[in-house]
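For reference, the chains in residue letters:
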Amino acid sequence: MRDRTALKPLTLVAVLIFALACFPFSARAQDANAAKARALVDAAIKMSDSDAAVKLLWQATDIAPADEDAYVYLGLYYNSRSDFTNVVKVYQKLVKYQPNQVSAYLNIGEAYMSFSPPKTDDALVYYRKAYQIDPKNTFAALRIGQLLAQTGQRDDALKYLKIALGDSAKNPTVASEAEKTLKQMGAL
């Protein structure tokens, strides 16, 4: 009768070797996908047929869903056509794969603010998420403060607007907007 216990360490070693062999393959596959996605983005940029270019860009987001380039071009395309529903879809897909991408949350918030009428409750959710990820983001603070001011939440609005106002050296446009809103509120 054979002793099966002698096979167990060999099986474990074989599994570990297999896992190590697969890891570089997985990384190589990701690199290959990223290269394919970049090629699709490059091809889309050079196209004059915008419908075909958009299809290529969406394909790129499927091949390399965490690669930001295709999303940026899709966002620009849809934004230029005031298709804010698709702007939201583009950046919602990006945050699914890059949940700490502050600019994506800000873009979603801005898209919601561009609806007619603006979807302020939806926008506020995304501005808050951007601010939660980056508490030094004065643009997110500005937008949160403005929306809170519109809904009569004065004390909370003041808090965020003062944060936005405090960064006038780095971002004078944001500070100017914050100052304007604070003056409208009678807080300056």
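Rules used throughout
Residues numbered from 1 in each chain as written. Predicted model: local features only at pLDDT ≥ 70, side-chain atom pairs only at ≥ 80, totals over all residues. Heavy atoms only, no water. Helix = DSSP H or I, 4+ residues; strand = E, 2+ residues; numbered from the N terminus. Buried < 20%, exposed > 50% of the residue type's maximum accessible area, 1.4 Å probe, protein only. Contact = heavy atoms within 4.5 Å. Core = buried A, V, L, I, M, F, W, Y, C linked by side-chain atoms within 4.5 Å. Expected span 1.5 Å × (residues − 1). Arc of directions from axis to C-beta. Patch = residues over 30% accessible without salt bridge, like charges linked within 9 Å, V, L, I, M, F, W, Y side chains within 5 Å. Areas by Shrake-Rupley, 256 points an atom, 1.4 Å probe, with all protein chains shown as cover. Salt bridge = Lys/Arg side-chain N within 4 Å of Asp/Glu carboxyl O.

Novice: Where do I start with the overall build of the protein chain in this structure?
Specialist: A tally of regular secondary structure across the protein chain gives nine helices and zero strands. Along the protein chain, helices (α) and strands (β) appear in the sequence α-α-α-α-α-α-α-α-α when read from the amino end. Across the 188 residues that make up the protein chain, the buried fraction comes to 35%. Residue pairs in contact within the protein chain that sit at least 24 positions apart in sequence constitute 43% of those at least 6 positions apart.

Novice: What is the right way to look at the nonpolar core in this model?
Specialist: Proteins that are soluble and globular tend to have nonpolar side chains buried together. The biggest cluster of nonpolar side chains holds 51 residues, and the ones touching the most others in it are Tyr78, Tyr91, Tyr112, Ile144 and Leu161. Excluding anything up to four places from it in sequence, Ile144 contacts Leu124, Tyr127, Arg128, Tyr131 and Tyr160.

Novice: What am I meant to see in helix H3 (residues 68-80) here?
Specialist: It helps to recall that an α-helix has 3.6 residues per turn; residues three or four apart then point in one direction. Its 13 residues give H3 an end-to-end C-alpha distance of 18 Å, which sits within 8% of 18 Å, the value for a rise of 1.5 Å per residue. Of all the positions in H3, only Ala70, Tyr71, Leu74, Gly75, Tyr77 and Tyr78 are classed as buried. End-on view of H3: buried residues confined to an arc of 165 degrees, all on one side of the axis. Seen from the buried face of H3, the exposed residues on the opposite side, beyond 90 degrees, are Leu76 and Ser80. Ser82 lies just past H3 and shows a positive phi near 55 degrees.

Novice: Is there a simple way to think about the environment of Lys89 in this case?
Specialist: With respect to the helices, strands and loops of the structure, Lys89 is situated in helix H4 (residues 84-97). Here the alpha-carbon distance between Lys89 and Tyr71, two residues 18 residues apart in the chain, equals 9.9 Å.

Novice: What is the right way to read a nonpolar patch on the surface from this model?
Specialist: Together, Ile45, Val72, Tyr73 and Leu76 make up a nonpolar patch on the protein surface, roughly 340 Å² of accessible area in all. Broken down by element, the nonpolar patch gets its largest block of residues, three residues, from H3. Along the chain, Tyr73 falls in helix H3. Tyr73 sits in the partly exposed class, given a relative accessible area of 37%.

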